[in-house]
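Close look at the chain arrangement
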Amino acid sequence: MNRMVRRLAFFLFLFLQFSFLFSILFEKLETPFLVGIILVLSGLLSFAYYQSPRSEERFFIKDSFLILFVVSGAIISYLINLKMGPVIAAGATGTVASFIPSFIKSEKRKGLVKEVPTAVYCGAFVGMTAPAVAGNLHFIIFAGFIAGTFLLLAKNIFNGFGGKLGTIAFGGVALASAVIYWIF
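First, a word on what this report is: a plain description of the structure on this page. Source: prediction; values computed, not measured. (Residues numbered from 1 in each chain as written. Predicted model: local features only at pLDDT ≥ 70, side-chain atom pairs only at ≥ 80, totals over all residues. Heavy atoms only, no water.)

Looking now at the nonpolar core. Among the nonpolar cores identified, the biggest contains 29 residues, and Val126, Phe139, Leu151 and Ile168 are the most heavily contacted of them. Breaking this core down by element, the ones donating at least two residues are helix H1 (2–27), helix H3 (65–84), helix H7 (116–127), helix H8 (137–153) and helix H9 (164–183). Ranked by the residues each element gives to this core, the list is headed by H8, at eight residues. Setting aside chain neighbours within four positions, we find Val126 in contact with Ala74, Ile140, Ala143, Gly144, Ala147, Ala169 and Val173. (Core = buried A, V, L, I, M, F, W, Y, C linked by side-chain atoms within 4.5 Å. Buried < 20%, exposed > 50% of the residue type's maximum accessible area, 1.4 Å probe, protein only. Helix = DSSP H or I, 4+ residues; strand = E, 2+ residues; numbered from the N terminus. Contact = heavy atoms within 4.5 Å.)

A separate point is H9. A rise of 1.5 Å per residue sets the reference length of H9, with its 20 residues, at 28 Å; its end C-alpha atoms lie 28 Å apart and thus fit the reference within 8%. Of the residues making up H9, those classed as buried are Lys164, Leu165, Thr167, Ile168, Ala169, Gly171, Gly172, Val173 and Ala176. (Expected span 1.5 Å × (residues − 1).)

This paragraph deals with a nonpolar patch on the surface. On the surface, Phe33, Ile37, Val40, Leu41 and Leu44 cluster together into a nonpolar patch covering about 500 Å² of accessible area. Take Val40: it is sitting in helix H2 (residues 32–51). (Patch = residues over 30% accessible without salt bridge, like charges linked within 9 Å, V, L, I, M, F, W, Y side chains within 5 Å. Areas by Shrake-Rupley, 256 points an atom, 1.4 Å probe, with all protein chains shown as cover. Salt bridge = Lys/Arg side-chain N within 4 Å of Asp/Glu carboxyl O.)

Counting through the fold element by element, Leu39 comes out in helix H2. The sequence separation of Leu39 and Leu25 amounts to 14 residues, and the corresponding C-alpha distance is 8.4 Å.

Shape descriptors only; they carry no functional weight alone.
Have a look at this one:
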């Protein structure tokens, strides 16, 4: 079961990155130079996925709390985004979240608490969504929930590589937008 979840997460992450690249590709088809760059990036991305190390780590029920931390980071960042802009919102949310582990002294909770800043920062990327895309707080909560689920599934994939949290946030917002578009 755990192996199946890892494979699902791996292919989901792969799909998110390629959908991002191909959405740029189809938008800029009239620019041959950019098309070439995107195709080269797609090839390099495929090679990186093939060569990437995968760590083994079991999921626990307590890991599902990461979803709540992503949602809370998204809400906080979105509310700040409405007043001060997306960059300051994400930066402030991520900075404050980085101090959370230093306030928890319990050894029992140390394992989950050290993952809180990462989850909140992922949520902060979701909260950077433009108000024109995220019409209300309900959208941000939904997108944060999806991104939190993606983060939980991608826990063992590309640890230490850059772009993971942004890709997860993009996937959460894109999927939330698609679901809302299809329903309404």
